[in-house]
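One-letter residues, chain by chain:
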Amino acid sequence: MKALLVQPRVTGAHRFFAMQQSMPPMALGYLAAVLCSRDVETHILDLNVRDLNRTQFADFLAAGNFDLVGVSVNTETAGNSYLACRFAKAVRPDTVTVVGGPHVTFRAEEALASGVVDYVVLGEGEATLAELVDLLRGTTADPVAIAGLAFMLHGWGKIQNPF
């Protein structure tokens, strides 16, 4: 399994403040460590540092051939976060898209309604993401049993497990 974790670009008025306090996306580093411990080849892409345009981003996704794309979502990056998921699905429709972060922890329905998000990780995501990888590999059969996971069940409605 091959995964990409994305820190989306901050745009608009928030960009100035983000660049003033530019720090590596530590949360993605923690999640990458969890994925690596599950033998998942993991890459991190910070779009605030690597300034890719849309074509370059699509080419990056295509070249990477990722099975899972995880995207961090803060309120100021929500639009770009969903756009990253949209690109991942356009390049490879069977890519599993996962979002997490403060915004979607409280707005999971918004993320799932986007039509390009498969799973929402709620709260601290390390354990939830590890169990999701097991689910995707077929070693766990029931997504309802994964704490902190929200998803659509056969398009009928949102299932949100407590975290």
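Not measured: the values here are computed from a predicted model.

With that settled, consider the overall build of the protein. Across its full length, the protein carries seven helices and seven strands. When the helices and strands of the protein are read in sequence order from the N terminus, they spell out β-α-α-β-α-β-α-β-α-α-β-α-β-β. Expressed as a percentage of contacts within the protein between residues at least 6 apart in sequence, the contacts between residues at least 24 apart total 60%. Total accessible area on the protein stands at roughly 8400 Å², and carbon and sulfur atoms take up 57% of it.

What follows is about the nonpolar core. Core analysis: the largest hydrophobic core is formed by 28 residues, its most contacted members being Phe57, Leu61, Val69, Val99, Val117 and Val120. Put simply, the parts of the chain that give this core at least two residues each are β1 (2–7), α3 (54–64), β3 (68–72), α4 (78–91) and α6 (108–113). The dominant element in this core, judged by the number of residues it contributes, is α4, at six residues. Among all residues touching Phe57, those that are not within four sequence positions of it are Leu45, Leu47, Leu52, Ala84 and Phe87. With 19 residues, the next largest nonpolar core counts Leu28, Leu68, Tyr119 and Phe151 among its residues.

For Asp39, which is not glycine, the phi torsion reads 60° and is therefore positive. With respect to the helices and strands, the residue Asp39 is situated in the loop between α2 (26–37) and β2 (41–46). Among the residues examined, Asp39 registers a relative accessible area of 68% and is labelled exposed.

What follows covers the packing of α2 against helix α7 (residues 126–137). A pair of packed helices is characterised by two quantities: the angle between their axes and the separation of those axes. Running from N to C, α2 and α7 point in directions that differ by 35°, and their axes come no closer than 9 Å. Note that α2 runs across α7; the crossing there is right-handed. From α2, Tyr30, Leu31, Val34 and Leu35 reach across to α7, where they touch Glu126, Leu129, Ala130 and Val133. Classifying every residue of the contact of α2 with α7 by side-chain character gives seven nonpolar, no polar and one charged.

Our next topic: the layout of surface pockets. Counted as a void, the second largest pocket has a volume near 180 Å³. In this structure, the second largest pocket is lined by Pro8, Arg9, Thr11, Leu47, Leu52, Asn53, Arg54, Phe57, Asn80, Leu83, Ala84 and Phe87. When contributions to the lining of the second largest pocket are tallied by element, the ones reaching two or more residues are α3 and α4. Counting residues per element, the lining of the second largest pocket draws most heavily on α4, which supplies four residues. Its residues assigned to classes, the lining of the second largest pocket comprises seven nonpolar, three polar and two charged.

Thresholds, definitions, all that
- Positions within a chain are numbered from 1, following the residues in the order the chain's sequence is written.
- The predicted nature of this model means local features are confined to residues of pLDDT at least 70 and side-chain atom pairs, given and counted, to a pLDDT of 80 or more, with totals for whole chains, interfaces and linings taken over all residues.
- Computation of side-chain values covers all heavy atoms of the structure but excludes hydrogens and water.
- Note on conventions: DSSP H or I runs of at least 4 residues are helices, E runs of at least 2 residues are strands, and numbering of each starts at the N terminus.
- Whether two residues touch is decided by their heavy atoms; if any such pair falls within 4.5 Å, the residues are in contact.
- We get accessible surface area from the Shrake-Rupley algorithm with a probe of 1.4 Å; when it comes to residues, only the shown protein chains can shield them.
- Among the buried residues, those of types Ala, Val, Leu, Ile, Met, Phe, Trp, Tyr and Cys that are joined through side-chain atoms within 4.5 Å form a nonpolar core.
- Only protein chains enter the accessibility calculation, which uses a 1.4 Å probe; a residue is then buried when its area is under 20% of its type maximum, exposed when over 50%, and partly exposed in between.
- Here an angle of 0 to 180 degrees is reported between the N-to-C directions of two axes, which are lines fitted to C-alpha atoms, with helices fitted over the stretch in contact.
- Left-handed describes a crossing in which the near helix is turned anticlockwise from the far one by less than a right angle; the clockwise case is right-handed.
- Each residue receives one of three labels: charged for Asp, Glu, Lys and Arg, nonpolar for Ala, Val, Leu, Ile, Met, Phe, Trp, Tyr, Cys and Pro, and polar for the others, Gly being one of them.
- Buriedness of a pocket was judged along seven lines, with at least five required to meet protein on both sides within 12 Å; pockets are open sets of points on a 1 Å grid over the protein atoms alone, cavities are sets where a 1.4 Å probe fits but cannot get out, and lining residues have an atom within 4 Å of a point.
- Grid points are joined across faces, edges and corners, and a volume is the space filled by probe spheres set on the points.

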